[in-house]
Amino acid sequence: MNDTNATNPGTRQQGRQRPAQNSAGEMPIPVFYSPAMVANSESFSPSAGKPALAVESWQFLGLPLEFHAPQPLSAEQFGVAHDPDFVADVLSCRRTNGFSNKSPAVAAALPWTSGAMLSAAREALNNGIGAIAPCSGFHHAGYDFAGGYCTFNGLMVTAAVLLAEGKASKVGILDFDQHWGNGTQDIIERLHLHDQVVHYSPSEFSRPAKAEAFIAAIPKLLERFAGCDLVLYQAGADPHIEDPLGGWLTSDQLYRRDRAVFDGLRRLGIPVAWNLAGGYQHDDEGGIRPVLDIHDNTLVAFVEAHGHAVIPDAEAQRKEAA
Ligand SMILES: [Zn+2]
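All values derive from a computational prediction rather than experimental measurement. (Residues numbered from 1 in each chain as written. Predicted model: local features only at pLDDT ≥ 70, side-chain atom pairs only at ≥ 80, totals over all residues.)

Some points on the overall build of the chain
Phase 1 of the analysis: Within the chain one finds 10 helices and nine strands.
Phase 2 of the analysis: Long-range pairs, those at least 24 residues apart, make up 76% of the contacts in the chain with a sequence separation of at least 6. (Helix = DSSP H or I, 4+ residues; strand = E, 2+ residues; numbered from the N terminus. Contact = placed C-beta atoms within 7 Å.)

What follows is the structure, encoded as structure tokens:
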């Protein structure tokens with residue numbers, strides 16, 4: 001797919017993306033998903049159950065998604081970025097996961113969620129544009145610790161495996177979650193990967209008054225990834241202004257954030273593998289529709305940055321199907 005036919009972002013209504021103008025140059029959008037990625041974590045965080053909900057929501061957008069089964073990671077592959085004893089203990093439920101329990105269901109899903117990230121990264125390197133891993137729960141996991149709803153660091157496992165295989169010589173990690181990726185940084189330091197992994201998460205904005213300046217700065221911020229073979233992008237939903245753990249970007253600003261990221265990386269010629277990251281809002285029925293709306297918009301931004309048309313009325317289609 002060429003990169004010359006980006007469309008206008010379109011106007012917005014009720015926090016959801018409206019149709020962009022039609023354009024050519026369609027490539028099916030690769031999404032690495034398996035029901036094996038999903039677990040009930042019995043936690044405040046919806047992240048372990050989110051892959052299925054996000055994928056279901058995306059199917060109402062009418063986009064040409066192409067689903068691929070991820071390759072689950074082996075303990076040896078986790079051990080490229082984590083302490084092998086920590087890996088063995090977590091996978092055998094002898095040690096608490098990032099949700100502070102020893103759930104076998106969570107342990108069984110972990111090779112699939114990080115596996116989706118690695119599979120999406122391989123596909124992005126292969127097609128030169130990008131791919132999606134609809135999962136979260138990575139960046140607070142360090143070399144030998146879990147925490148903050150994160151058990152293994154699928155970002156760093158992906159980067160370290162690709163570096164070890166020689167598939168990449170430099171990998172970027174752009175983390176636009178609301179919270180600092182302490183686990184990512186820990187692994188970079190423990191494994192001395194400062195020269196091969198460019199990890200960036202902004203701290204200088206984080207207030208509604210700085211939101212527009214942040215979005216305007218994104219093209220410049222992305223220049224630090226020049227020379228990277230690939231960027232892994234955490235499209236966090238928890239910077240939303242109504243998120244209980246976040247609070248400074250509107251739905252429209254989050255959409256424009258994502259669009260600026262995808263447009264900017266496309267201009268730099270760097271493929272992107274992106275995932276969902278945090279988001280903790282609930283609707284009146286206790287569901288996570290507000291978070292899914294944000295993830296819908298990220299998908300729309302990605303597709304539009306690469307020249308697809310967007311079907312207008314996903315919400316109406318969802319209601320019809322309900
Ligand atoms: Zn977060």
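A look at helix 5 (residues 154-165)
Phase 1 of the analysis: With 12 residues, helix 5 extends 16 Å from end C-alpha to end C-alpha; this agrees with the ideal 16 Å at 1.5 Å per step.
Phase 2 of the analysis: Most of helix 5 is tucked away, with 10 of its 12 residues classed as buried.
Phase 3 of the analysis: Considered for burial, the residues of helix 5 that qualify are Gly154, Leu155, Met156, Val157, Thr158, Ala159, Ala160, Val161, Leu162 and Leu163.
Phase 4 of the analysis: If you follow the buried residues of helix 5, they end up packed against helix 2 (75-78), helix 4 (104-127), strand 6 (171-175), helix 6 (182-190), strand 7 (197-200) and strand 8 (230-234).
Phase 5 of the analysis: Downstream of helix 5 by a residue or two, Gly166 has a phi angle that is positive, lying close to 75°. (Expected span 1.5 Å × (residues − 1). Buried ≥ 20, exposed ≤ 12 C-beta atoms within 10 Å, placed from the backbone.)

Description of helix 1 (residues 50-58)
Phase 1 of the analysis: Looking at helix 1, one finds that the buried residues are Lys50, Pro51, Ala54, Val55, Ser57 and Trp58. Around the axis of helix 1, the buried residues are gathered within 160° of arc, so they sit on the same side.
Phase 2 of the analysis: On its buried side, helix 1 packs onto strand 3 (29-32), strand 4 (65-68) and helix 9 (289-305). (Arc of directions from axis to C-beta.)

A closer look at the pairing of strand 6
Phase 1 of the analysis: Of all five residues in strand 6, five are buried; the element is thus mostly enclosed.
Phase 2 of the analysis: Burial along strand 6 is two-sided: Val171, Ile173 and Asp175 facing one way and Gly172 and Leu174 facing the other are all buried.
Phase 3 of the analysis: Across four bridges, the pairing between strand 6 and strand 7 is parallel. Looking at strand 7, one finds that Val171 is bridged to Val197.
Phase 4 of the analysis: Following the chain from strand 6 across helix 6 to the adjacent parallel strand 7, one finds a crossover that is right-handed.
Phase 5 of the analysis: Two elements, strand 6 and strand 8, share five bridges in a ladder whose sense is parallel. Its bridge partner lying in strand 8, Leu174 is registered against Tyr233. (Pairing = 2+ DSSP bridges. Right-handed = clockwise from strand over helix to strand, strands pointing away.)

Quick word on the environment of Pro244
Phase 1 of the analysis: Mapped onto the fold, Pro244 is located in the loop between strand 8 and helix 8 (251-268).
Phase 2 of the analysis: By the C-beta count within 10 Å, which is 11 here, Pro244 ends up exposed.
Phase 3 of the analysis: Taking C-alpha positions, Pro244 is 8.7 Å from Gly279, a pair spaced 35 residues apart along the chain.
Phase 4 of the analysis: Not counting residues up to four positions away in its chain, the partners in contact with Pro244 are Tyr280 and Gln281.

Thoughts on the packing of helix 1 against helix 9
Phase 1 of the analysis: Orientation of helix 1 relative to helix 9, taken along the N-to-C sense of each, is 60°, at an axis distance of 10 Å. Our classification of the angle between helix 1 and helix 9 gives oblique. The hand of the helix 1/helix 9 crossing is right-handed. Between helix 1, through Leu53, Ala54, Ser57 and Trp58, and helix 9, the contact on the second element is made entirely by Leu292, His295, Asp296 and Leu299.
Phase 2 of the analysis: Among the residues making up the contact of helix 1 with helix 9, the classes are represented as five nonpolar, two polar and one charged. (Axes fitted to C-alpha atoms, helices over the stretch in contact; angles between N-to-C directions. Parallel < 35°, antiparallel > 145°, perpendicular 65-115°, else oblique. Left-handed = near helix turned anticlockwise from the far one by under 90°. Nonpolar A, V, L, I, M, F, W, Y, C, P; charged D, E, K, R; others polar.)

Examining the packing of helix 8 against helix 9
Phase 1 of the analysis: Where helix 8 meets helix 9, the closest approach of the two axes is 8 Å, and the angle between their N-to-C directions is 30°. Between helix 8 and helix 9, the interaxial angle falls into the category roughly parallel. At the point where helix 8 passes helix 9, the crossing takes the right-handed sense. Residues Ser251, Leu254, Tyr255, Asp258, Arg259, Phe262, Asp263 and Arg266 of helix 8 pack against Asp293, Ile294, Asn297, Thr298, Ala301, Phe302, Glu304 and Ala305 of helix 9.
Phase 2 of the analysis: Residues belonging to the contact of helix 8 with helix 9 are distributed by class as follows: seven nonpolar, three polar and six charged.

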